[in-house]
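Architecture and fold: a report
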Amino acid sequence: MKSISKIREDFPILKAQVNDKTLVYLDNAATTQKPKTVIEAINNYYQNQNSNVHRGVHSLSQLATQKYESTREIVKNFIVAKSTDEIIFTRGTTESINLIAQSYGRSFLNAGDEIIISQMEHHSNIVPWQILCGQISVKLKVIDVTDSGELNLKSLEKLLSDKTKIVSLMHVSNTLGTINPIKEIIKIIKNFNKDIIVSIDGAQAVQHLKVNVLDLGCDFYSFSGHKIYGPTGVGVLYGKRELLNKMPPWQGGGDMIASVSFDKTTYNILPYKFEAGTPNIAGVIGLGEAIKYVQNLGLDFIYEQEKKLLDYAFRKLSQIKEVKIIGQAKEKSAVISFILKDIHAHDVGTILDQSGVAIRAGHHCTQPLMERFNVPATVRASFAFYNTEEEVDNLIDGIKKTLEIFK
Ligand code: C6P
């Protein structure tokens, strides 16, 4: 197994200087850094393989198509889907969830039907459903979050009804780090009514945990490339083939059609039916490399490494009496949110930045969750396997410096 210092050499940006200090990057939940293999694959595509996919008879187009489609195979194996037909490339988690809402939701739900989400969802798993509610008069119901930052499963059981048609929940919370017991939750939902569609937002999960969509039993699973060490602007929607087959396309254009005339247009087969227009070819190729990188390191190794960092950071932060940690679930991924006395999170973020420490300060696109915990914003440190205990110490030093300044 590679040492962490060797692993860090795979990520050129980790040597960057920020405010005359070596970057301490603790904002991995916002986006992860990219290993050289990903950067090189994207470069190589543009330098040597650039061509459009699925269109050309010429060799370069066939090469680009083969590279693009090989990522679909990599993703299929990575999340253990049954078929590459079930892997749709999107711009990211946000687009994947919008696709589900606009294609499945708009076609198969009726006025009065209900969709269940939770209080901890990211805005991208709230707003697409609210838009749908405005379009077809369906209702949104919300599962509460406990004081420790876990989903209240009793609340879920109370909310399930004959009207429930979709439940859409995050696998791992970007703000609290809570790992939701998704498999158990899906069991509860499907035991209640196997026809309820379960959509999982895996934006913060696939980079930390082994995900097997068949074992989970979900109907849809979404994630973003840039949070799993791949490029921005590319993501995945997994959907069960029988559902995707009966769903209408949500965008029209090139590639998603079988034939077009002014009298009648017929649509392409899966997965192309949902990929209108020239896709993010370089992004998809980069995503394939990113997943290979993660698989080479191994998710067991990644989990162990990040758990050590989480425990260390938790211990160190708990020793500072002015720190209040928000979200203390039993199962957590490597994300810690906290507030520092009454100092605004943005001030903490600015002072940490002066020491080269990058964290996120704000509501993390989870405003209803901020309201639940009665805070306007939090400071969030989120770790990746390439972070070190020394970097956690830099964070702690920055917090102490902030406390000094605001004394
Ligand atoms: N969370 C964060 O700093 P996109 O932007 O489509 O790649 O991902 C959206 C998204 C959806 N669900 C969850 C759980 C997420 O964490 C995110 C993105 C970033 O927490 C940016 S707000």
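None of the values given here were measured: they were computed from a predicted structure.

**Concerning unusual backbone geometry**
- With an omega of 0°, the peptide bond between Leu270 and Pro271 qualifies as cis.
- Along the polypeptide, Pro271 turns up in the loop between strand S12 (265-267) and helix H10 (281-297).
- Phi angles above zero are rare outside glycine, and Cys365 is one such case at about 60°.
- Note on placement: Cys365 falls in the loop between strand S16 (360-362) and helix H13 (367-372).
- Using a relative accessible area of 22% as the deciding quantity, one classes Cys365 as partly exposed.

**Here we look at the site of the ligand**
- Neighbouring the ligand are 17 residues, the closest being Thr94, Asp201, Gln204, Ser224 and Arg360.
- Interatomic distance of 2.6 Å between a side-chain N/O atom of Asp201 and a nitrogen atom of the ligand.
- Arg360 is positioned such that a nitrogen or oxygen atom in its side chain is 2.5 Å from an oxygen atom of the ligand.
- When the ligand sits alone it has 520 Å² of accessible area, and the protein chains cover 87% of it.
- Put simply, the ligand lies in the largest pocket.
- When the residues that make up the shell around the ligand are grouped by side-chain class, the tally is five nonpolar, eight polar and four charged.

**So, the domain arrangement of the protein**
- Taken domain by domain, the protein consists of domain 1 (4-28 + 298-406) and domain 2 (40-295).
- Relative placement of domain 1 and domain 2: their C-alpha centres are 28 Å apart.
- Listed by partner, the interface residues are 34 residues for domain 1 and 29 residues for domain 2.
- Both sides together, the interface formed by domain 1 and domain 2 hides about 2,700 Å², and carbon and sulfur atoms give 56% of it.
- Contact with domain 2 buries area across many residues of domain 1, yet Leu299, Leu369 and Arg372 alone supply 23% of it, more than any other trio.
- Joining domain 1 to domain 2, the criterion identifies two salt bridges.
- Taken together, the links from domain 1 to domain 2 amount to 21 residue pairs in polar contact (both at pLDDT 80 or more).
- Counting only elements with at least two residues in the side of domain 1 that touches domain 2, the list comes to helix H11 (299-318), strand S14 (335-340) and H13.
- Of the residues assigned to the side of domain 1 that touches domain 2, the class counts are 17 nonpolar, nine polar and eight charged.

**Points about helix H14 (residues 389-405)**
- A rise of 1.5 Å per residue sets the reference length of H14, with its 17 residues, at 24 Å; its end C-alpha atoms lie 24 Å apart and thus fit the reference within 8%.
- Listing the buried residues of H14 in full gives Glu391, Val392, Leu395, Ile396, Gly398, Ile399, Thr402 and Leu403. Along the axis of H14, the buried residues cluster in a sector spanning 155°; they form a single face. Exposed residues on H14 whose side chains face more than 90 degrees from its buried face are Glu390 and Ile405.

**Quick word on helix H12 (residues 345-354)**
- Buried residues of H12: Ala345, Val348, Gly349, Ile351 and Leu352, and no others. Axial view of H12: buried residues confined to an arc of 170°, hence all on one face.
- In this structure, the buried side of H12 is in contact with S14, strand S15 (357-358), S16, strand S17 (378-382) and H14.
- Gly356 lies just past H12 and shows a positive phi near 85°.

**Considering the layout of surface pockets**
- In this structure, the largest pocket encloses a volume near 260 Å³.
- Along the wall of the largest pocket there are 21 residues; nearest its centre are Thr94, His122, Ser124, Ala203 and Lys227.
- Looking at the lining of the largest pocket, its residues break down into six nonpolar, 10 polar and five charged.
- Taken domain by domain, the lining of the largest pocket gets at least three of its residues from each of domain 1 (4-28 + 298-406) and domain 2 (40-295).

**Quick word on the sheet that holds S17**
- Spatially, four strands are ordered S13-S14-S17-S16 in an open sheet, and the strand pairing comes out antiparallel. In the strand order of this sheet, the two ends are held by strand S13 (323-326) and S16, each with one partner. Across the sheet, the mean angle from the axis of one strand to that of its neighbour is 30°, orientation sign disregarded.
- Across four bridges, S13 lies against S14 in antiparallel orientation.

**Overview of the pairing of strand S7 (residues 164-170)**
- The element S7 is extensively covered by neighbouring structure, given that six of its seven residues are classed as buried.
- With three bridges joining them, strand S5 (residues 114-118) and S7 adopt parallel strand pairing. Among the inter-strand pairings, Ile115 is bridged to a residue of S7, identified as Ile166.
- Note that S7 and strand S8 (residues 197-201) share five bridges and pair parallel. Residue pairing in the sheet places Met170 in a bridge with Asp201 of S8.

Scoring rules and cut-offs
- Residues numbered from 1 in each chain as written.
- Predicted model: local features only at pLDDT ≥ 70, side-chain atom pairs only at ≥ 80, totals over all residues.
- Heavy atoms only, no water.
- Helix = DSSP H or I, 4+ residues; strand = E, 2+ residues; numbered from the N terminus.
- Buried < 20%, exposed > 50% of the residue type's maximum accessible area, 1.4 Å probe, protein only.
- Near = heavy atom within 4 Å.
- Polar contact = N/O pair within 3.5 Å; in protein donor to acceptor, adjacent residues only side chain to side chain.
- Areas by Shrake-Rupley, 256 points an atom, 1.4 Å probe, with all protein chains shown as cover.
- 1 Å grid on protein atoms, 1.4 Å probe; cavity = no way out; pocket = protein on both sides within 12 Å on 5 of 7 lines; lining within 4 Å.
- Sits in = over half its atoms within 2 Å of the grid points.
- Nonpolar A, V, L, I, M, F, W, Y, C, P; charged D, E, K, R; others polar.
- Domains from an automatic or database assignment.
- Contact = heavy atoms within 4.5 Å.
- Buried area = accessible area lost by both parts, 1.4 Å probe.
- Salt bridge = Lys/Arg side-chain N within 4 Å of Asp/Glu carboxyl O.
- Expected span 1.5 Å × (residues − 1).
- Arc of directions from axis to C-beta.
- Points joined across faces, edges and corners; volume = space filled by probe spheres on them.
- Pairing = 2+ DSSP bridges.
- Axes fitted to C-alpha atoms, helices over the stretch in contact; angles between N-to-C directions.

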